[in-house]
Amino acid sequence: MTLSHDLAGQGPSTVVLLHSGVCDRRMWDGQFHALADAGHRVVRCDFRGFGDTPVDAPHTHAEDVRDLLDHLGADRAALVGSSFGGVVALEFAARHPGRVTALALLGSGSPCMEPSEELRAWGGREDALLEAGDIDAAVELNVDTWLGPEADETARALVRRMQRRAFDVQLAAPEEFGPVDPEVTRDELARIEVPALVASGVHDVPDFRAVADDLAGLLPAARRVDLDWAGHLPALERPDETARLLTAFLAGV
């Protein structure tokens, strides 16, 4: 199955936008056309279980991205990943290093991330709400947690719609169709040599700030950027500023 996706631009370089775990490809509305206007061929996709892509079989998100690139005839691409999308980008780069030209990681997780007790407790609260059937409360928990102080009501409403869609799709899917997470070691991450932008919001959850610190030291060609205005989802909190950040990084690759 080919992931649902959009294409823009005719440039010689391909850029793939990978969304966070509380969003879908709509989160990139503020950067999608800006990157195309900057001269890139831009792809944004929905992972299985998000947006317009159903959950129809066991799957590995990174291999779904590989299949999408194959479908589009793109041998190599720069990957831009937000949060969980950053995890998928790192998994892809570890498994298919010759196909990645650059990584831009915004509030990224890591395949090697061990959640803190606080983050585990947060996940327990979300699970309890979902098990009780209070989907609306689970949605609001995510909206309140992952958007920083710069997010306006338009951004909050969009995350609310995207997260609700993800819950509806995933809760309706058979349990055996869940994702298979590939094992990626720290040594494998340390061999990812392409230019990497590691951007972290000062107002983000501490776990993800710690991941940014770790990735900045682990990836050989990493450049760390602290966003003093951002929470966990800068692409939604200041769309234009995030577009400029990504455009400038990719122009230097």
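Conventions used here
- Residues numbered from 1 in each chain as written.
- Predicted model: local features only at pLDDT ≥ 70, side-chain atom pairs only at ≥ 80, totals over all residues.
- Heavy atoms only, no water.
- Phe/Tyr/Trp six-rings, centres within 6.5 Å; stacked < 30°, edge-to-face > 60°.
- Helix = DSSP H or I, 4+ residues; strand = E, 2+ residues; numbered from the N terminus.
- Buried < 20%, exposed > 50% of the residue type's maximum accessible area, 1.4 Å probe, protein only.
- Lys NZ or Arg CZ within 6 Å of the ring centre and 35° of its normal.
- Core = buried A, V, L, I, M, F, W, Y, C linked by side-chain atoms within 4.5 Å.
- Contact = heavy atoms within 4.5 Å.
- Expected span 1.5 Å × (residues − 1).
- Pairing = 2+ DSSP bridges.
- Axes fitted to C-alpha atoms, helices over the stretch in contact; angles between N-to-C directions.

(A) Fine view of the packing of aromatic side chains. Inspection of every chain in the model, using the stated rule, returns four aromatic pairs. Taken together, a centroid distance of 5.3 Å and an interplanar angle of 70° make the contact between W122 and W146 edge-to-face. Placement of W122 in helix α4 (residues 117-131) and of W146 in helix α5 (residues 135-146) is noted, with a sequence separation of 24 residues between them. Of the residues examined, W122 reaches a relative accessible area of 11% and is grouped as buried. For W146, a relative accessible area of 8% puts it in the buried group. Taken together, the ring pairs in this structure connect F47, F50 and F84 into an aromatic cluster. The ring centre of F32 lies 4.3 Å from the NZ or CZ of R44, which sits over that ring.

(B) Fine view of the environment of G107. Position of G107 relative to the elements: it lies in the loop between β5 (100-106) and α4. When the C-alpha atoms of G107 and H232 are compared, they prove to be 5.5 Å apart, with 125 residues separating the residues in sequence.

(C) Here's a closer look at the nonpolar core. Ranked by internal contacts, the top residues of the largest apolar core, which has 47 residues, are L17, C23, M27, W146, V159, L233 and L236. Looking at this core element by element, the count peaks at six residues for α5. The contacts of W146, once residues within four sequence positions are left out, are V22, L119, W122, V205, F208, H232, L233 and E237. Counting residues in hydrophobic clusters, the runner-up holds 36 residues, among them L3, F50, A77 and I192.

(D) Broad picture of helix α6 (residues 153-172). Relative to the 28 Å expected for 20 residues at 1.5 Å per residue, α6 spans 29 Å between its end C-alpha atoms, a close match to the ideal helical length. By the burial criterion, the buried members of α6 are A155, L158, V159, M162, Q163, A166, F167 and V169. Its buried side turned inward, α6 meets α4, α5 and α9 (234-237).

(E) Examining the side chain of D46 more closely. The residue D46 is located in the loop between β3 (40-45) and α2 (61-72) in this model. In this view, D46 contacts L3, S4, H19, D24, R25, G51, D52 and T53; residues no more than four positions away in its chain are not counted.

(F) Fine view of the sheet that holds β5. Strands sit in the order β1-β3-β2-β4-β5-β6-β7 across an open sheet of seven strands; the sheet is mixed. With partners counted over all chains shown, the strands left at the sheet margins are β1 (5-8) and β7 (222-227), one partner each. Taking each pair of neighbouring strands and ignoring which way they run, the sheet shows an average axis angle of 15°. Pairing of strand β6 (residues 196-201) with β7, which is carried by six bridges, proceeds in the parallel orientation. What sits directly across from S200, in β7, is D226.

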